[in-house]
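Now for the letters of each chain:
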Amino acid sequence: MNQSASAAAAPAQGPADPYALRPQDAQDPPTTFTGRLRHLGPGLVLSAAVVGSGELIVTTSLGAEAGFVLLWLVVISTAVKVWVQIELARWTILTGKPALEGYSQVGPRIGRVGWINWLWIGMDFAKMLQRGGIIGGTASALSIIWPIHGEPLSFGSLAIWTVIVMATTVLLLQSGRYSAVERVTVATVVLFTASIVALALGLPLTEFAYGLDDLGTGLSFMIPAGTVGIAVAMFGLTGVGADEMTTYTYWCMEKGYARWTGPDDGSEARARRAEGWLRVMRLDVGVSWLVCTVCTLSFYVIGASVLHPQGLVPEGNAMISTLARIYTDTMGEWGLTLFVVGAVAVLFSTNVGSTASVPRLWTNTLGLLGVIDWTDMKVRTRTIRILTCCLPPLWASFFLFLQSPVIMVQIGGIAGGIFLLAVVVAVWYLRTTEVDRRFRANRWLTGALVVSSALIAVLGVYSVLEVFGVSVGG
């Protein structure tokens, strides 16, 4: 039975259910650019979620290890996935179903759900290491500023700050409201994005200046020996990854894009509403892509310009202090405090994004497996709140055991890169079977999706072969 359909049949009482499509909730979309800007949000939440793990940790590490030579991969990894994200979000807005429900429709099915759902479950276990790395990175940054019971980055100080970070995140998100997530993540990512872009643009005025020759080398489409592992992780992490694409469909529904579009009654009015809200979504994705690209390029250029010439590669719990050299080497010791405060902001926003989104995905998975009734708003909300309290301690325990944020984030990135192939398969299946021809008639969008899917397939297969030790050329 279609879960969204049964939810739509529920009586209209209490607060509107963002996962139910009801005629009375339909709203006309804005018709001006300014009006569309006022309805942005899901993409900015997503930007906050990816900037901390991919851009701050992996991209800067890649720049430090490889220099400018992999700059081209930064551009590709941020641009190539956007079109798949748009296609998946379009399906969600038109059908009123989140991504995991769509994945369950792609055969062959294994039990109650499809093979892609089981792949997602496996990927999410790997992603727990990544989320532990984010919590650990935040705790490390705070330990540098305010060490507790010992030296900075001592186990005792890290453990206490880890508990504080977890508790603060859970308290902020206990309401379960999308608006709370949006406010926290957008404010923190704007703060850090402004500082990191300013620093990247100011580097030519320092001893770590870069020039056009460096940028030209970065567009030579080479992958130096010894950087494949971190390059694969960067492709999975930077820009919008497979898990962020999946999560984006839930944020689109909670923002209201699908609910305001209304159920598909076959009318022309509904089709026009859908076109209008799809335009808002595409603008939302575009702004998110711009933020991610600018941040990613800035982090990579900084790592390549400042850390690479000095042979500094972020490792273990010294990740934050190593990255802080970016600031201390260009602005003096006071730059350490500036960087660490900014690092706390961006890593904490990523932690908030993960803690808000993952419980929703697991709750939906439990609904698909028949453990709970996903269409019951009270049951769904209660389950999300329980998981919001239970999952962060699990993630943090991985960090306290391994204490290597960079490796933990890279493992999650590789898992995400593999899962991305499955998402592409799902997108094409759902587009073909459930999206009306009227909404897939744009040749430019279709062409971009074809190119995007092909590049993801090539780089994804390359990644899988390299990860499992199969040589694919010199």
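Data block above holds the structure.
Residues numbered from 1 in each chain as written. Predicted model: local features only at pLDDT ≥ 70, side-chain atom pairs only at ≥ 80, totals over all residues. Heavy atoms only, no water.

S.K.: Sorry if this is basic, but what is going on with the overall build of the chain here?
M.R.: Counting its regular elements, the chain contains 19 helices and 2 strands. Out of the 474 residues belonging to the chain, those deemed buried represent 58%. Sequence separation of at least 24 residues holds for 81% of the intrachain contacts in the chain that already meet a minimum separation of 6. By element, 65% of the accessible surface of the chain is carried by carbon and sulfur atoms, the whole surface being about 18000 Å². (Helix = DSSP H or I, 4+ residues; strand = E, 2+ residues; numbered from the N terminus. Buried < 20%, exposed > 50% of the residue type's maximum accessible area, 1.4 Å probe, protein only. Contact = heavy atoms within 4.5 Å. Areas by Shrake-Rupley, 256 points an atom, 1.4 Å probe, with all protein chains shown as cover.)

S.K.: Whenever I open this one, the side chain of T138 confuses me. Can you help?
M.R.: If you trace the backbone, T138 turns up in helix α7 (residues 115-145). Given a relative accessible area of 1%, T138 falls into the buried group. With residues up to four places along the chain from it excluded, the contact list for T138 reads V165, V344, L347 and F348.

S.K.: Is there a simple way to explain the pattern of salt bridges in this structure?
M.R.: Once the charged atoms of two side chains with opposite charge are near each other, the side chains can pair. Tallied over the entire structure, the rule returns 10 salt bridges. Residue D124 is joined to R131 by a salt bridge in which the shortest nitrogen-to-oxygen separation is 2.7 Å. For the pair shown, D124 and R131 are each scored as buried. R360 is the salt-bridge partner of E254, the closest N and O atoms lying 2.6 Å from each other. Remark: R360 occurs in helix α16 (residues 334-368) and E254 occurs in helix α12 (residues 242-255); sequence separation between them is 106 residues. With respect to class, E254 is no different from R360; both count as buried. (Salt bridge = Lys/Arg side-chain N within 4 Å of Asp/Glu carboxyl O.)

S.K.: Any chance you could explain the environment of T383 here in plain terms?
M.R.: Within the fold, T383 resides in helix α17 (residues 377-402). As for T383 and W362, which are separated by 21 residues in sequence, their C-alpha atoms are 9.1 Å apart. Once residues lying within four places of it in the same chain are set aside, the contact partners of T383 are T363, L366 and I372.

S.K.: Would you explain the environment of V435 in this entry?
M.R.: Within the secondary structure layout, V435 lies in the loop between α18 (405-434) and α19 (443-467). Note on V435: relative accessible area 3%, which makes it buried. Separated by 341 residues in sequence, V435 and L94 place their C-alpha atoms 7.4 Å apart. Residues contacting V435, with those up to four places away along its chain left out, are W91, L94, L430 and R440.

S.K.: Mind showing me how you'd approach the packing of helix α5 (residues 82-95) against helix α14 (residues 268-310) here?
M.R.: To describe two helices that pack against each other, one gives the angle between their axes and the distance between the axes. Taken N-terminus to C-terminus, the directions of α5 and α14 make an angle of 150°; their axes are 10 Å apart at the nearest point. The angle between α5 and α14 places the two elements in the roughly antiparallel class. For the pair α5 and α14, the crossing hand works out as right-handed. Packed against α5, whose contacting residues are V82, Q85, I86, A89, R90, I93 and L94, the element α14 presents R270, A274, W277, L278, M281, R282, V285 and W289 at the interface. A per-class count over the contact of α5 with α14 returns 11 nonpolar, 1 polar and 3 charged. (Axes fitted to C-alpha atoms, helices over the stretch in contact; angles between N-to-C directions. Parallel < 35°, antiparallel > 145°, perpendicular 65-115°, else oblique. Left-handed = near helix turned anticlockwise from the far one by under 90°. Nonpolar A, V, L, I, M, F, W, Y, C, P; charged D, E, K, R; others polar.)

S.K.: I'm lost on α7 in this one. Help?
M.R.: In an α-helix, one turn spans 3.6 residues, which is why side chains three or four residues apart end up on the same side. Compared with the 45 Å implied by 1.5 Å per residue over 31 residues, the 46 Å span of α7 between its first and last C-alpha is a close match. Residue A126 marks the point of greatest curvature in α7, where the axis turns by about 30°. Buried residues dominate α7, accounting for 25 of its 31 residues. (Expected span 1.5 Å × (residues − 1). Bend = angle between axes of the 7 residues up to and from the residue.)

S.K.: Help me understand the packing of aromatic side chains, please; the structure alone is not making it clear to me.
M.R.: Any aromatic ring pair is given by two values, namely how distant the centres are and how the planes are angled relative to each other. Applying the stated criterion across every chain yields a total of 11 aromatic pairs. Between Y19 and W374 the ring centres are 5.0 Å apart and the planes differ by 70°, which places this aromatic pair in the edge-to-face class. Of this pair, Y19 sits in the loop between α1 (3-8) and α2 (33-37) while W374 sits in the loop between α16 and α17, and the two are 355 residues apart along the sequence. Looking at Y19, the relative accessible area reads 4%, which means it is buried. Residue class for W374 comes out buried when judged on its relative accessible area of 4%. With a centroid separation of 6.0 Å and an interplanar angle of 70°, the aromatic rings of F125 and W362 are classed as edge-to-face. One end of the pair, F125, is in helix α7; the other, W362, is in helix α16, and 237 residues separate them in sequence. (Phe/Tyr/Trp six-rings, centres within 6.5 Å; stacked < 30°, edge-to-face > 60°.)

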